[in-house]
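Structure at a glance
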Amino acid sequence: MRLGLTHDRGPGPLALMGTVTGGTTIVIAISIAVLIWVWAAGGRSESLLVNVGITAIMVIGYQVFVGNTGIVSFGHPAFVAIGAYVGGLVAVPSGIKSAILPDLPHWLMNLSVGFYPSILIGGAAAGLAALVVGPIVMRLSGATAGIMTFGLLVITNEVIRNLDQFTRGTQTFFGVPKASGLLDVYGLLCALTAVSLAYKFSRFGLRTRAARDDPLAAETSGINVVRTRVGAWVLSASITGVAGVLLAHQLTAFSPQSFFITMVIPVMVMAVLGGTASIIGGVAGVVVISAWLEFMRGIEGGSLFGLVEIPSIFGISQLTLGVGLILVLRLRPRGIFGSTEFAWRLSGSRPRDRDPDRGATQGQGE
Amino acid sequence: MFRNILAAFTAIGLATLGAGQASAQSFDCAGGAITIGMAKAQTGGFAFFDNVDARGALIAIEQINEKGGIGGCPIKVIRGDTQSDPAKARQVAEELIAQGAQLLIVPADFDIGVGASQAAQAAGILSFSCAASSTAWTQAVGPHHFTAAITIEDSGKAQAVFANQKGWKRMYVVVNAAFNFFTALEKTFRDNFAGEIVATDTVANDATDYSANVSKIRRLGDKVDAVYLNDYFPHVGTFIRQLRAAGVNLPILGNSTFSSKALPKVVGAKALSNVYYIAQGFYEGRNLDPAVADLVKRYEKKYGTFPENLNVLPGYQGMLLLADALRKAGSVDAAKISAALSSQTNVALPGSTLYRWKNRHPVRSATVIGFDAKGEFVKVQSVDPR
């Protein structure tokens, strides 16, 4: 058995398993490294790494839709918001709820569920919202669909602002217990990586990717383009919704303005840097950019790991990030990982080296 | 003779009081300094506000240290940039606590600062937001968090008290509903205004043309006594210009966000006659409280600019309140500072008065600010919103 890069999986359930477990192994390894790091540092960078883990789940959720359908989405903060508000609402203890949301219906007032049930409910709510609007949005293609997703974000934001009874309107929603632990976030990250990989290499994912590359040919082959896209959209929204619930349990207080267009930009940048068509690429994007921003934050703060004192230069992290992004995309226009994923292969078996995203054969040695 | 005896007794009395103060002044100065962690936005969208109250607080600290610190214990400040990001606020707060911060100054906004205050609460230290005006924040965190700026509710009440004193009976309300600050302010104003609200217009946050609102107000003619303009600069500048250009010279009542040195430049002195707004205190014009004048002078010297916005005063006053509480508490123990803060009553601060604390947010006086014939900011009066 060996771990290598591949563009697509081979035939048979064993190959599917190899591809799903391949990427997941890497993410599990990263997660274990994170846990050991925090444990060794006495919990020092825990908040930072919880935030990074939540961002990674957002990026994976984003990748499931954008990577598989090729449609750019600006609307994903809407699903983070739905996850956060719904998951948050059901998790707020009843005592606090009666103080902050006095007009709630009786049954909701007395409802107070634990951390994991709230994650399920929040994720399901985001998925349901996506299912309702999906058939409309997914008829569109290209830039039109992208703008439509933005419209969706605006609508969601306005609804939250005006649904005072449930959301406190423009006021800060608070009272969500702080429950997003490092182990929970990274456990979910590993599980959702596996789910995303399984989807990408399942027949449903294959159809979606086929419709992305050539909708006409896909349709001629009997693929329902809208339906395949809705599948990716709903799964993507649910994963993003889970990230939203986790964020609610990390921030504990938030307002509608927390979930707007500025939230999707870093997620997009991470996905694009790592390779939009690759899940492991998304994770790589999160690791690279988070590490860079953290490194530059030390420099902005006027000291380099407390060793060297230098004058503080604010804004340099954003500046260098922009330059770095341009450089990476100049050298690797399709992101660091392109469309490749990690996969376990039996020693000796040849990898599939057809790159479905280029439609051309490309040597990919082991 | 009698006078002399009285003077002697007074002198003895004062001396005893002084001795009493001297004993209370002994501060548990373990570590050689009080380390205050400042987790505030130095970059990002909120930096414009957060930086200014941080600077106000830093000037107060500078003055305190010039006089020998708190009971002989100097204040040391360590800073971290929250980048206007709620998630980063907690992280920065934890880092500052790990670096030895004994109490935290946190951002001026509930959303952006809540993580920082919770990190402080979890570590058992006090967190203090000089310029936050939300009453929900202290509720969300627990017993060791205080917000120190005039609450939105008290600002709204002060507006109503002033409007009632002015004898305005019919008010035309214009509100930017994009921010909770404005909607909450308007709600309290409405609840406490004795007169009648003639009409309410909601304006968009990105509006630049108010001709529809202006012509509605003009058409109502003398059926309106005053306009309640609940938006922020630069929007209000545009609105006032358009209203005055249409020949409407009604009084305008605004909020603390009107405070910008650019307002008279944009609108012109003539249009600003009969424009009033309510703020925590007055720092924009001449005839200032001497301590506020000194604050402005130091700010200009240190940062090369007139204070950019209204947060300078809450930042400065907040730090003075905190310093007083530290002095009384005699240590950085969160429970002791909390008790000392909560027991403060009728504190005359440079620029305004703190009456008392209620659930760890203040009840304090408001100031009405207007403009003279030259378009200079002038203090009109103080208002007790209670």
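This structure is a prediction, so every number in the text was calculated from the model and none was measured. Each chain has its residues counted from 1, following the order in which its sequence is written. To label them, take the chains in the order written and letter them from A, then take the ligands in the order written and number them from 1. It should be noted that, the model being predicted, local features are given only for residues of pLDDT at least 70 and side-chain atom pairs only at 80 or more, the latter also being counted only at that level, while totals for whole chains, interfaces and linings use all residues. Only hydrogens and water are set aside; all other atoms, that is, all heavy atoms of the structure, feed into the side-chain values.

Considerations on the overall build of chain B
Here is the rule we go by: Numbering of helices and strands starts at the N terminus; helices are DSSP runs of H or I of at least 4 residues and strands are runs of E of at least 2. Within these notes, the globule rule equals 2.2 Å times the number of residues to the 0.38 power, and the radius of gyration is based on C-alpha atoms. Only protein chains enter the calculation, and the probe is 1.4 Å; a residue is then buried if its accessible area is under 20% of its type maximum, exposed if over 50%, and partly exposed in between. What makes two residues a contact is simply this: any of their non-hydrogen atoms within 4.5 Å. When charges are counted, neither His nor the chain ends are considered; positive counts come from Lys and Arg and negative counts from Asp and Glu. A charged residue contributes its charge at one atom only: NZ of Lys, CZ of Arg, CG of Asp or CD of Glu.
When helices and strands are counted, chain B shows 13 helices and 15 strands. Expected size for 386 residues packed as a compact globule is a radius of gyration near 21 Å; at 22 Å, chain B falls within 12% of this value. With the principal axes as the frame, chain B shows a C-alpha extent of 70 × 65 × 40 Å. Looking at chain B as a whole, 55% of its 386 residues qualify as buried. Taking contacts inside chain B between residues at least 6 apart in sequence as the whole, the part at least 24 apart equals 68%. Each charge sign in chain B was given a centre, from 38 positive and 32 negative side chains, and these centres are 6 Å apart.

A closer look at the pairing of strand S10 (residues 275-279) of chain B
Residue and element names in this part refer to chain B. Basically, it comes down to this: By this definition, two strands are paired if DSSP reports at least two bridges between them. Handedness of a crossover is defined as follows: with both strands directed away from the viewer, a clockwise route from the first strand across the helix to the second makes it right-handed.
Most of S10 sits inside the fold, with five of its five residues counted as buried. Along S10, one buried face is formed by Val275, Tyr277 and Ala279 and the opposite face, lined by Tyr276 and Ile278, is buried too. Bridging between strand S9 (residues 252-254) and S10 involves three bridges; their strand directions are parallel. Following the sheet pairing, glycine 254 is matched in S10 by tyrosine 277. Between the parallel pair S9 and S10, the chain is carried across by helix H10 (residues 262-267), and the sense of this crossover is right-handed. As paired elements, S10 and strand S14 (residues 366-371) share three bridges and run antiparallel to each other. Paired with alanine 279 across the two strands is threonine 367, which belongs to S14.

Observations regarding the pattern of salt bridges
Once the charged atoms of two side chains with opposite charge are near each other, the side chains can pair. Applicable threshold: Salt bridges are defined by distance alone: a side-chain nitrogen of Lys or Arg within 4 Å of a carboxyl oxygen of Asp or Glu.
Overall, the coordinates contain 19 salt bridges over all chains when judged by the stated rule. What emerges from the salt-bridge pattern is a single network uniting Glu62, Glu66, Asp294, Arg298 and Lys302 of chain B.

Concerning the nonpolar core
Let me state the cut-off plainly: Throughout, nonpolar core names a set of buried Ala, Val, Leu, Ile, Met, Phe, Trp, Tyr and Cys residues whose side chains join them through atoms within 4.5 Å.
By size, the foremost hydrophobic cluster in this structure holds 107 residues, and its most contacted members are Leu246 and Phe259 of chain A. Considering each element in turn, this core owes the most residues, 14 residues, to helix H2 (residues 46-69) of chain A. Here phenylalanine 259 of chain A is in contact with Pro77, Val80, Ala81, Ala84, Tyr85, Leu153, Asn157, Leu247 and Phe254 of chain A, once residues within four sequence places are set aside. Core analysis: the second largest hydrophobic core is formed by 77 residues, Ala57, Phe146, Val248 and Ala340 of chain B among them.

Here we look at helix H6 (residues 152-166) of chain B
Residues and elements named next belong to chain B. Which entries qualify depends on this criterion: By this rule, a helix spans an expected 1.5 Å times one less than how many residues it contains.
Over its 15 residues, H6 extends 21 Å from the first C-alpha to the last, a length consistent with the 21 Å expected when each residue adds 1.5 Å. Within H6, the full set of buried residues consists of Ile152, Asp154, Ser155, Gly156, Ala158, Gln159, Ala160, Phe162 and Ala163. Directly after H6, the chain includes glycine 167, whose backbone phi takes a positive value near 80 degrees.

Quick look at the interface of chain B and chain A
Filter applied, for reference: As a working definition, buried area equals the accessible area (1.4 Å probe) given up by two parts on being put together, with both sides summed. Pairs of N or O atoms within 3.5 Å make up the polar contacts considered here, provided that, within protein, one atom can donate a hydrogen while the other can accept it, and that residues adjacent in sequence are counted only when both atoms are side-chain atoms. Polar here means any residue other than Ala, Val, Leu, Ile, Met, Phe, Trp, Tyr, Cys and Pro, which are nonpolar, and Asp, Glu, Lys and Arg, which are charged; Gly is therefore polar.
In this complex, chain B contributes 25 residues to the contact, which on the side of chain A involves 25 residues. On the chain B side of the interface with chain A, the three residues burying the most area are Arg90, Gln91 and Asp111 of chain B, jointly 26% of the side's total. Across the chain B-chain A interface, the total number found is one salt bridge. The salt bridge partner of glutamate 95 of chain B is arginine 297 of chain A, with a shortest N-O separation of 2.6 Å. Between chain B and chain A we count seven residue pairs in polar contact (both at pLDDT 80 or more) in total. At the level of secondary structure, the elements contributing two or more residues to the side of chain B that touches chain A comprise helix H3 (86-98), helix H4 (110-123), helix H5 (136-141) and helix H7 (180-192) of chain B. A per-element tally of the side of chain B that touches chain A places H3 of chain B first, with nine residues. When the residues that make up the side of chain B that touches chain A are grouped by side-chain class, the tally is eleven nonpolar, eight polar and six charged.

Details of the state of the cysteines
Residues and elements named next belong to chain B. The test is simple: For this text, the term disulfide refers to a pair of cysteine sulfurs within 2.5 Å.
For the structure on display, the rule yields one disulfide over all chains. Two residues, cysteine 29 and cysteine 73, share a disulfide whose sulfurs are 1.9 Å apart. Its S-S torsion of approximately 70 degrees makes the covalent link between cysteine 29 and cysteine 73 right-handed. Of the two residues, cysteine 29 is situated in the loop between helix H1 (2-24) and strand S1 (34-40) and cysteine 73 in the loop between helix H2 (47-66) and strand S2 (75-81); the sequence distance between them amounts to 44 residues. Note on cysteine 29: relative accessible area 27%, which makes it partly exposed. Left unpaired, cysteine 130 is separated from the closest cysteine sulfur, that of cysteine 73, by 19 Å.

Details of the environment of alanine 29 of chain A
Residue and element names in this part refer to chain A. Here alanine 29 shows up in helix H1 (residues 13-40). Given the relative accessible area of 46%, alanine 29 is considered partly exposed. When the C-alpha positions of alanine 29 and alanine 129 are compared, they lie 34 Å apart, and in sequence the two are 100 residues distant.

So, the pairing of strand S7 (residues 196-203) of chain B
Residue and element names in this part refer to chain B. One ladder, built from seven bridges, connects strand S6 (residues 170-176) with S7; its direction is parallel. Looking at the pairing, valine 173 lines up with threonine 200 of S7. Read from S6 through H7 to S7, the crossover connection turns out right-handed.

Quick look at the sheet that holds strand S13 (residues 361-364) of chain B
Residues and elements named next belong to chain B. The condition is simple: Think of each axis as a best-fit line through the C-alpha atoms, taken over the contacting stretch in the case of a helix, with angles from 0 to 180 degrees between the N-to-C directions.
Spatial ordering of the open sheet is given by S11-S12-S13, a layout of three strands whose pairing is antiparallel. Two strands close off the open sheet at either side, each with one partner strand: strand S11 (347-349) and S13. Taken pair by pair, the neighbouring strands of this sheet meet at an average axis angle of 45 degrees, ignoring direction. Examined bridge by bridge, strand S12 (residues 352-358) and S13 share four bridges and lie antiparallel to one another. Along S13, the bridge assignment pairs arginine 356 with valine 363. Contacting S11, S12 and S13, helix H12 (residues 312-329) crosses the sheet at an angle of about 140 degrees to S11.

Some details on the domain arrangement of chain B
Interfaces are often described in size by the accessible area the parts lose on coming together. Residue and element names in this part refer to chain B. Formally: Where each domain starts and ends follows an automatic or database-derived domain assignment.
In terms of domains, chain B is made up of domain 1 (34-150 + 289-365) and domain 2 (153-279). Inter-centroid distance (C-alpha atoms) of domain 1 to domain 2 is 31 Å. Counting residues at the interface gives eight residues for domain 1, matched by eight residues for domain 2. The contact between domain 1 and domain 2 buries some 660 Å² in all, and 58% of this surface belongs to carbon and sulfur atoms. Interface area lost by domain 1 to domain 2 is led by Ile150, Phe306 and Leu310, which between them contribute 61%. The interface formed by domain 1 and domain 2 holds zero salt bridges in total. Connecting domain 1 to domain 2 are zero residue pairs in polar contact (both at pLDDT 80 or more). Here the residues of the side of domain 1 that touches domain 2 sort into five nonpolar, two polar and one charged.

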